[in-house]
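Observations on the model geometry
Here is what each chain is made of, one letter per residue.
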Amino acid sequence: MTISEKQDLFVKNILAITSWEEKFEFIMDKADSVTDCPDDYRSAEYLVKECQSKLWMASVWKDHKLQLHFHSATLIVRGLLGVFYEIYNNHTATEIINTDFQFIEQSELSRLFSNRSIGISAVLNRIYIEAKKEQH
Amino acid sequence: MNHFREQFPIFNTISDPFVYFDNASTTQTPITVIDAMSRYYTHDRSNVHRALYPLSLNISDRFEHARSKVQQFIGARCPQEIVFTKGTTESINLVAASLSENYFQENDEIIVSLLEHHSNIVPWQVIAKRNKLNLRYLTVSETGDLSMEELEKLISPRTKLVAVTHVSNSLGSVNPIHEIIQMVKKRNCLVLIDAAQSIAHIPIQVKELNCDFLVFSGHKMYGPTGIGVLYGKEEILREMHPYQTGGNQIRSVDVQQTIFADLPSRFEAGTPNIAGVLGLEAAVNFITSYDPAEIIQYEYELTNMLESRLSEIPFVNIIGKPKHRSSILSFTVENCHPTDVALLLGEKGICLRSGYHCNEPLMNVLSSEGIIRVSLAPYNNADEIRYFCEKLIWARNLLHRNKNDIPSKSKI
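A quick note: this is a predicted structure, and the numbers were derived from the prediction, not measured.

**Comments concerning the overall build of chain A**
Of the regular secondary structure elements, chain A holds 7 helices and 3 strands. Reading chain A from its N end, one meets helices and strands in the order α-α-β-β-β-α-α-α-α-α. Its C-alpha atoms give chain A a radius of gyration of 14 Å, near enough to 14 Å, the size a compact globule of 136 residues would have. Seen along its three principal axes, the alpha-carbon backbone of chain A occupies a region of about 40 × 30 × 25 Å. Of all 136 residues assigned to chain A, the portion counted as buried reaches 49%. In chain A, the share of contacts with a sequence separation of at least 24, taken over all contacts with a separation of at least 6, comes to 63%.

Structure (structure tokens):
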């Protein structure tokens, strides 16, 4: 599946859920998708945000494809990271750069994804910046 | 306290459930404060302390009247002791930056407590580094109290200033500031009291307290954001260098030098937050229209009810048990991250804070993953506490279906 197809599928699935409680459950289930950051990456260099909770992100390129690692003890944040993992992991820099972030607004969860205090928006920016660097 | 709640339009504009338990972060605004600010923009808009037309003369007069009102509210000797700032943080920065010019000498010591908000740590850390001073910390007991014995030992001949909060923003501990000030003054040090979390809840009279500085913000006392107060003893303020320079704070300027204005203008560079000052005056009027004993009693009962209800929930760990608690109470939920709990409660209309509460040195001692904080005001009520406890159990059950175990037992 392309990144766009994955984004569309996520939007379709989340919009099909009507109650907030079930939306949260759906997001929390995504927490299992996340591969933990190896201990080496739990350092200040990889710390994205520590205002509300600590969030680490490490990205490596293997065969020109992005391999994401996250760590957060927060279940909901981890779930949101799981969404990013499912959408962006194992894709090339060009694929990442050539898609937009419209899915966040379309999912009607932008208040969670864009919340500065939990650091999710910073993760998305980092993915994009890493892709830009890799492309050059 | 229904009559109190009725003064706040927001409770009629946001649909239920709307349970506002984040008063330590910012309080809601009563209609009188909104009206005072709105009136400035619709009827009185002009600058202060400059022009000679009636509109400006009148608003300058009202601006200074607001200063006198704040002076009376906290029992300062004269209006010159009241400096308007952006808030508590700027007030502390003003004192720290100004004192760093000519008060401290290398190896002098500053004491702060571990209960302090970052705004009462970082400015001191910065000047300590720059001026080669030593910043020393007063520790916190397991109950969340400060030890007078420890403070006595900590104060040395090199100690020049003690900066301490009246009420802890994360644990709600009410510190014995009368005793602290007495002890510090006996040792000839300056003492700064951070009253951000107490000003709306506990009557304060600075003359009786004998503190050198007292700082607070308008937005935590039902006033506007972006306005705060620095109280300083006149004789000390007179010795201090201006913090920022420019318009409004000078007596005369020529190409070579500037003579600064008298107090308090010398510390108020630039056009002030006029609407904020008028809103702050309205907030003072609002607070003083209530019997402080009634407010204290009501908040005490409500906080006791909250503590007792939370104590009955087996998976809740209340953080600290200070000798005197204000209307702030923090806790953790076993095997649940505070951020998760706060996000879920938010979806049920419950507004509270989770995380480190700008209090990381203390959080490093208490709980590595942060805490959840409820902070009450007189517009809160028993029904809201019952609803909150019910939804807390719901949130925990929802999160607990997952096996994401994290250590949440606090160390105190």
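**Structural notes on the sheet that holds strand β2 (residues 82–85) of chain B**
Residues and elements named next belong to chain B. Taken in spatial order, the 7 strands make up an open sheet running β2-β8-β7-β6-β5-β3-β4, and their pairing is mixed. Looking at strand neighbours, the two that pair on one side only are β2 and β4 (134–138), the edges of this open sheet. When strand polarity is set aside, the average angle formed by the axes of neighbouring strands in this sheet is 20°. Against the sheet, helix α4 (residues 54–74) makes contact with β2, β7 (213–217) and β8 (228–232), and its axis sits at roughly 115° relative to β2, the strand it touches most. Taken strand by strand, helix α8 (residues 177–186) contacts β5 (159–165) and β6 (190–194), and its axis lies near 160° from that of β6.

**What to know about the packing of aromatic side chains**
Residue and element names in this part refer to chain B. Overall, the coordinates contain 25 aromatic pairs over all chains when judged by the stated rule. Ring geometry for Phe8 against Phe286: centres 5.4 Å apart, planes inclined by 85°, an arrangement best described as edge-to-face. Of this pair, Phe8 sits in the loop between α1 (2–5) and α2 (10–13) while Phe286 sits in helix α11 (residues 274–288), placing them 278 residues apart in sequence. Summarising the aromatic geometry, the rings of Phe8 and Tyr379 are spaced 4.7 Å apart at their centres and angled 70° between planes, so their arrangement reads as edge-to-face. Of this pair, Phe8 sits in the loop between α1 and α2 while Tyr379 sits in the loop between β15 (371–375) and α15 (382–400), placing them 371 residues apart in sequence.

**Considerations on the nonpolar core**
Tyr88(A), Leu214(B), Leu310(B), Phe331(B), Phe388(B) and Leu392(B) are the most contacted members of the largest nonpolar core, which totals 142 residues. Top element by residues in this core is helix α3 (residues 75–88) of chain A. It accounts for 10 residues. Each of domain 1 (2–23 + 292–400) and domain 2 (32–288) of chain B gives at least three residues to this core. In this structure, Phe388(B) is in contact with Phe21(B), Leu306(B), Leu310(B), Phe331(B), Leu345(B), Ile350(B), Leu352(B) and Val374(B), ignoring residues within four places of it in sequence. The next biggest cluster of nonpolar side chains, apart from the first, holds 26 residues, and it includes Val83(B), Leu99(B), Phe213(B) and Val215(B).

**Some remarks on the pairing of β4(B)**
All names here are of chain B. Inspection of the sheet shows strand β3 (residues 109–113) paired to β4 by 5 bridges, in the parallel sense. Note that in β4 the partner of Glu109 across the bridge is Asn134. The parallel pair β3 and β4, bridged by helix α6 (residues 122–131), forms a crossover whose chirality is right-handed.

**Some words on the pattern of salt bridges**
Residues and elements named next belong to chain B. With the rule as written, the count across this model stands at 20 salt bridges over all chains. A salt bridge links Glu268 to Arg67; its shortest N-O distance comes to 2.8 Å. In this pair, Glu268 sits in the loop between β10 (258–260) and α11 while Arg67 sits in helix α4, placing the two residues 201 residues apart along the sequence. Here Asp108 makes a salt bridge to Arg158, at a shortest N to O gap of 2.9 Å. Pair noted here: Asp108 is in the loop between α5 (88–102) and β3 and Arg158 is in the loop between α7 (148–154) and β5, with a separation of 50 residues, a long-range link. In this structure Arg158 comes out as partly exposed when scored by relative accessible area, which is 37%. Within this structure, Arg39, Asp44 and Arg62 form a network of salt bridges that share partners.

**Some details on the environment of Ser119(B)**
Residue and element names in this part refer to chain B. As for its position among the elements, Ser119 is in the loop between β3 and α6. Judged by relative accessible area, Ser119 falls into the buried class, the value being 8%. With near-sequence residues (within four places) excluded, Ser119 lies in contact with Thr89 and Ile92.

**Here we look at the environment of Ser265(B)**
Residues and elements named next belong to chain B. Residue position: Ser265 is located in the loop between β10 and α11. For the pair Ser265 and Gly247, spaced 18 residues apart in the sequence, the C-alpha separation amounts to 9.7 Å. Setting aside residues up to four positions removed in sequence, Ser265 forms contacts with Asn248 and Gln249.

Analysis parameters
- Residues numbered from 1 in each chain as written.
- Chains lettered and ligands numbered in written order.
- Predicted model: local features only at pLDDT ≥ 70, side-chain atom pairs only at ≥ 80, totals over all residues.
- Heavy atoms only, no water.
- Helix = DSSP H or I, 4+ residues; strand = E, 2+ residues; numbered from the N terminus.
- Rg over C-alpha atoms; globule rule 2.2 N^0.38 Å.
- Buried < 20%, exposed > 50% of the residue type's maximum accessible area, 1.4 Å probe, protein only.
- Contact = heavy atoms within 4.5 Å.
- Pairing = 2+ DSSP bridges.
- Axes fitted to C-alpha atoms, helices over the stretch in contact; angles between N-to-C directions.
- Phe/Tyr/Trp six-rings, centres within 6.5 Å; stacked < 30°, edge-to-face > 60°.
- Core = buried A, V, L, I, M, F, W, Y, C linked by side-chain atoms within 4.5 Å.
- Domains from an automatic or database assignment.
- Right-handed = clockwise from strand over helix to strand, strands pointing away.
- Salt bridge = Lys/Arg side-chain N within 4 Å of Asp/Glu carboxyl O.

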